[in-house]
Amino acid sequence: MFKKILISTDGSELSNQAADAGIDFARAVGAEIVAVFVAQPMEAFMGFDGAAAAYAASYEQDIADQGAKYLSHIAKRAKAAGVQARTSIVTSYNVADGILRIADDEHCDLIFMGSHGRSGLSRLVLGSVAARVVSLARISTLVFRLKKEEV
């Protein structure tokens, strides 16, 4: 059914758990994975002017190194599970748009991603990458959410 599954990561614990679940799913259905980290350019966070230009090269290298570290975890886990995996770092002002672009470029037939499950004001203020991907994706999207531990 699914041949190529995109797994996105932001390096968070939830994202790592979702990636592990996505790898298990890929193994179960005999699919390969494309793991992606979306790096947002520095201008996405602050106005870009002459003073910021001095930090841009350092920021770009730092974010690329960080993304490679996150993707390395997924690649190692996939290899251990016997799942073929490729990794990609994509630059985009909007994380959801970057995920959708690489899913299209790589001809993926499923997007597997985690969600923090925000609601109310925090979702309004922080937004939801998963909600945007689900609403705009032209392929199936599986959103992984951790069950909250009972107290």
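Overview of the structure.

Reading the values: rules and limits
Residues numbered from 1 in each chain as written. Predicted model: local features only at pLDDT ≥ 70, side-chain atom pairs only at ≥ 80, totals over all residues. Heavy atoms only, no water. Helix = DSSP H or I, 4+ residues; strand = E, 2+ residues; numbered from the N terminus. Buried < 20%, exposed > 50% of the residue type's maximum accessible area, 1.4 Å probe, protein only. Core = buried A, V, L, I, M, F, W, Y, C linked by side-chain atoms within 4.5 Å. Contact = heavy atoms within 4.5 Å. Axes fitted to C-alpha atoms, helices over the stretch in contact; angles between N-to-C directions. Parallel < 35°, antiparallel > 145°, perpendicular 65-115°, else oblique. Left-handed = near helix turned anticlockwise from the far one by under 90°. Nonpolar A, V, L, I, M, F, W, Y, C, P; charged D, E, K, R; others polar.

The next point concerns the overall build of the protein. Within the protein one finds five helices and five strands. Walking the protein from its N terminus toward its C terminus, one meets helices and strands in the order β-α-β-α-β-α-β-α-α-β. A burial count over the protein gives 37% of its 151 residues as buried.

Let us look at the nonpolar core. As a rule of thumb, nonpolar side chains are buried together in soluble globular proteins. I5, I7, I23, I33, I74 and V83 are the most contacted members of the largest nonpolar core, which has 26 residues in total. Elements that contribute at least two residues to this core include exactly strand 1 (4-9), helix 1 (13-29), strand 2 (32-39), helix 2 (50-81) and strand 4 (110-114). Ranked by residue count, the leading element in this core is helix 2, at eight residues. By size, the runner-up hydrophobic cluster in this structure holds 16 residues, among which are L6, I99, M113 and A130.

Another point: the environment of K3. Tracing the sequence through the fold places K3 in the segment before strand 1. Measuring from C-alpha to C-alpha, the distance between K3 and I33 comes to 8.4 Å, with 30 residues separating the pair along the chain. Leaving out residues up to four positions away in the same chain, K3 has contacts with A31, E32 and D109.

Below, the discussion takes up the packing of helix 3 (residues 95-105) against helix 5 (residues 129-136). Closest axis-to-axis distance for the helix 3/helix 5 pair is 8 Å, and the angle between their directions is 45°. Considering their axes alone, helix 3 and helix 5 lie oblique with respect to each other. Here the hand of the crossing between helix 3 and helix 5 comes out right-handed. Across the interface between the two elements, V95, A96, D97, I99 and L100 of helix 3 pack against V129, R132, V133 and L136 of helix 5. Here the contact of helix 3 with helix 5 is composed, by residue class, of seven nonpolar, no polar and two charged.

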